[in-house]
Amino acid sequence: MATKQLKEFTLDEVAQHNKPDDLWVAIDGKVYDLSRFKDLHPGGVSVLTDEEVAGKDATTSFYGLHRHEVLQRPQYKRLQIGTVKGQESVMFDRIVGELSTVPYAEPTWLSAGYYSPYFKETHREFQRAVRRFVDEVVYPDAQVREEDGKRPSQSVFDKMAEMNLHAMRLGPGKHLKGRVLMGGIVKPEEFDYFHELVITQEITRCGARGYGDGLLGGKVIGLPPVLNFGSPELQARIVPDILAGKKFICLAISEAAAGSDVMGLQTTATLSEDGKEWIINGSKKWITNATFADYFTVGCKTEDGLTAILVERGPGVETRHIKTSYSPAAGTGYITFDNVRVPFGNTLGEVGGGIFVILSNFNHERWVMCCSSARAQRDIVQECLKWATQRTVFGKPLISQQVIRSKIAGMIQRAESVQSWLENITYQMTNMSYKQQAQKLAGPIAFLKSYSTRCAQDTARDAVQIFGGRGVTQAGMGKFIEHYHRTVTFDSLLGGAEDVLADLGVRQAIRAMPKNTRL
Ligand code: HEM
């Protein structure tokens, strides 16, 4: 399609068109004809026909009330009839694949002029590729699906599979062997937890918490027990399709009567008379991805204690959506098992050894959530810095108020401290075996998660105060703030509640106290 030829106008020419039926404005070096649009304008007619706006350069007023993306929507883009002579358009929002230059909008390792002991050139190249991929493929889908509540589009799963992103999201390990990662940027044996941190943090930038979990959060926690404890036959049968984004799996542990209290689970698995099958009865609640999962990694009470069993969707398995405060895109569900028969070969690990299977996964899950929480806080810093500098109140930019600067100071300090601690822990993970991680990092990761999610809630509360009414409005300037404030508590509950984790950290420390130390 041929692009419309745009004329150049002087501001004097624009000023001639200041009547309701002949209404132009200039915004950021572009001239818009609003004569017909004014009656459809969601903000009303009078604001456009105001003598300070009609025929004037309305850039400052416009950016005090709209996100830049409004001007990029096709239906509004076509209102542009020309450019302002001698003026360049300078405003931009997101540029696909680019780093933000807003201070603190990127972690130091991605900020110009700063250094990092952890990230190598391979991580930088990888980050560039993942950001471009997320901006082009994931971000647009996230905005639509978070809104309509449908699960992430299959085309996104497919494209992620082409890059082997599903496999990489499980961390380093033998499941990466022979795979071409992100078009070959990193070799499977070089892939480490810093690469994985990059993936999680880049996806978090979509600012769509429910969609983020819908993007196979269930697989990140449900598949490792199969990879680490499932029989070779079971793995060969189900893992390839899951890593190809064709089939979906979730982790089904919590129940209406037992959340963090794993030993209190009531779903039962009893052996059939011939010992060849488990018969499972019970229910599970708040299970991420349950509504569209094909496989369920289920914690069951058996005669010998707790046993982890892989259940396939089939007769006796039912799922229904649970309405939570984030998007149904996450597929959060209630599952019922009614005399579900499962081959004994689907047992994960030892019979009665389920607690070990479940616990061995917790560190990684919590660390992933720390990656995401750290990045989300930083994105809120960016929203607040932009808003406070472009918004005028009492005749001055919002940022000229000391109380606003003080809130932003706290946000930056929290985002920076969480990221620094996270990078330190990630470095420990890259140098420790899985067993060492379990011994040495359960406490620190629990502390970090509980600290990070408390910081996140403080930041969410302050951000709403900075945005005012817009911070509780689901569209417009504060839409990411409203979303963040509404969904931030998920991080503080999923994978272990905040206080339970803080207490775990202290208990781990007490266990490591030397017996002979005294004041
Ligand atoms: C090309 C020009 C414009 C377009 C396409 C446009 C479009 C919109 C849209 C889509 C909204 C709904 C809220 C949102 O999605 O952000 C809105 C709200 C609004 N607009 Fe405009 N607008 C334009 C120019 C202006 C100008 C020049 C003013 C006056 C200074 C103005 C004042 C407002 C106000 C007061 C609201 C309500 C804001 C709120 O609810 O917070 N608009 N506009």
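None of the values given here were measured: they were computed from a predicted structure. Going along each chain's sequence as written, the residues are numbered from 1 onward. Reporting in this predicted model follows two pLDDT cut-offs: at least 70 for local features of residues, and 80 or more for side-chain atom pairs to be given and counted; totals over whole chains, interfaces and linings ignore these cut-offs and use all residues.

Peer 1: Kindly report on the site of the ligand, identifying the contributing residues and their values.
Peer 2: Every one of the 20 residues lining the ligand counts as a neighbour, but P42, G43, S61, Y76 and G476 are closest to it. Numbered from the N terminus, helices here are DSSP runs of H or I no shorter than four residues, and strands are runs of E no shorter than two. Elements represented by at least two residues in the shell around the ligand include exactly α2 (46-49) and α3 (59-63). Partitioning the shell around the ligand into residue classes produces 14 nonpolar, five polar and one charged. Whether a residue is near a molecule or strand depends on its C-beta atom, placed from the backbone, lying within 6 Å of it. Three classes are used: nonpolar for Ala, Val, Leu, Ile, Met, Phe, Trp, Tyr, Cys and Pro, charged for Asp, Glu, Lys and Arg, and polar for all others, with Gly counted as polar.

Peer 1: So what's going on with the sheet that holds strand β4 (residues 30-33)? Residues and values would help.
Peer 2: Spatial strand order, β1-β5-β4-β3-β2: five strands in an open sheet with mixed pairing. Looking at strand neighbours, the two that pair on one side only are β1 (7-9) and β2 (18-19), the edges of this open sheet. Here, strands pair whenever DSSP counts at least two bridges between them. Of the pairings in the sheet, the one linking β4 to strand β5 (residues 80-84) comprises three bridges and is antiparallel in character. What sits directly across from K30, in β5, is T83.

Peer 1: For the UniProt feature "domain: Cytochrome b5 heme-binding" (unreviewed entry) in the protein, give the residues involved together with the corresponding values.
Peer 2: UniProt positions are given in the numbering used here, feature names are shortened, and annotations may be inferred rather than shown by experiment. Mapped onto this structure's residue numbering, the UniProt feature "domain: Cytochrome b5 heme-binding" (unreviewed entry) falls at residues 6-85. Helix makes up 28% of residues 6-85 and strand 25%. Its end C-alpha atoms lie 11 Å apart.

Peer 1: Please set out the domain arrangement of the protein residue by residue, giving values where relevant.
Peer 2: Delimitation of the domains relies on an automatic or database domain assignment. Considered domain by domain, the protein is made up of domain 1 (7-84), domain 2 (110-215), domain 3 (247-351) and domain 4 (361-512). Just the C-alpha atoms count here: the centres of domain 2 and domain 3 sit 28 Å apart. Once C-beta atoms are placed from the backbone, any two residues with those atoms within 7 Å are in contact. Counting residues at the interface gives eleven residues for domain 2 and nine residues for domain 3. Every element with two or more residues in the side of domain 2 that touches domain 3 is listed here: α6 (121-148) and α10 (209-214).

Peer 1: Account for helix α13 (residues 232-243), with residues named and values stated.
Peer 2: For a helix, the expected span equals 1.5 Å multiplied by the number of residues minus one. Here α13 spans 16 Å end to end across twelve residues, near enough to the 16 Å set by a 1.5 Å rise per residue. Counting other C-beta atoms within 10 Å of a residue's C-beta gives its exposure: the residue is buried at 20 or more, exposed at 12 or fewer, and partly exposed in between, where C-beta atoms are placed from the backbone. Buried residues of α13: I238, I242 and L243, and no others. The arc that holds every buried residue of α13, seen down its axis, measures 125°, which confines them to one face. The exposed residues of α13 that point more than 90 degrees off its buried face are P232, E233, A236 and P240. Contact partners of the buried residues in α13: α8 (165-168), α11 (217-222), α12 (224-229), β6 (249-252) and β9 (295-302). Our arc is simply the arc of the directions from the helix axis toward the C-beta atoms.

Peer 1: Outline the nonpolar core, supporting the account with residue identities and numerical values.
Peer 2: Throughout this description, the term nonpolar core refers to a group of buried Ala, Val, Leu, Ile, Met, Phe, Trp, Tyr and Cys residues whose C-beta atoms join them within 7 Å. Counting residues in hydrophobic clusters, the biggest one holds 107 residues, and the most contacted among them are A252, I280, I309, V311 and C384. Here this core gets 14 residues from one element, more than from any other, and that element is helix α14 (residues 354-390). Residues in contact with A252, not counting those within four places in the same chain, are K284, I287, A290, F296, T297, V298 and I335. Of all hydrophobic cores here, the second largest spans 15 residues; its members include L34, L48, A54 and A58.

Peer 1: Which residues make up the environment of V472, and what values go with them?
Peer 2: On the secondary structure map, V472 appears in the loop between α16 (434-467) and α17 (479-487). Remark: the alpha-carbon pair of V472 and V262, spanning 210 residues in sequence, is separated by 36 Å. If near-sequence neighbours (up to four positions away) are discounted, V472 is found in contact with V464 and E482.

Peer 1: How would you sum up the pairing of β5? Please name residues and give values.
Peer 2: Pairing of β1 with β5, which is carried by three bridges, proceeds in the parallel orientation. Bridging from a neighbouring strand, E8 pairs with T83 of β5.

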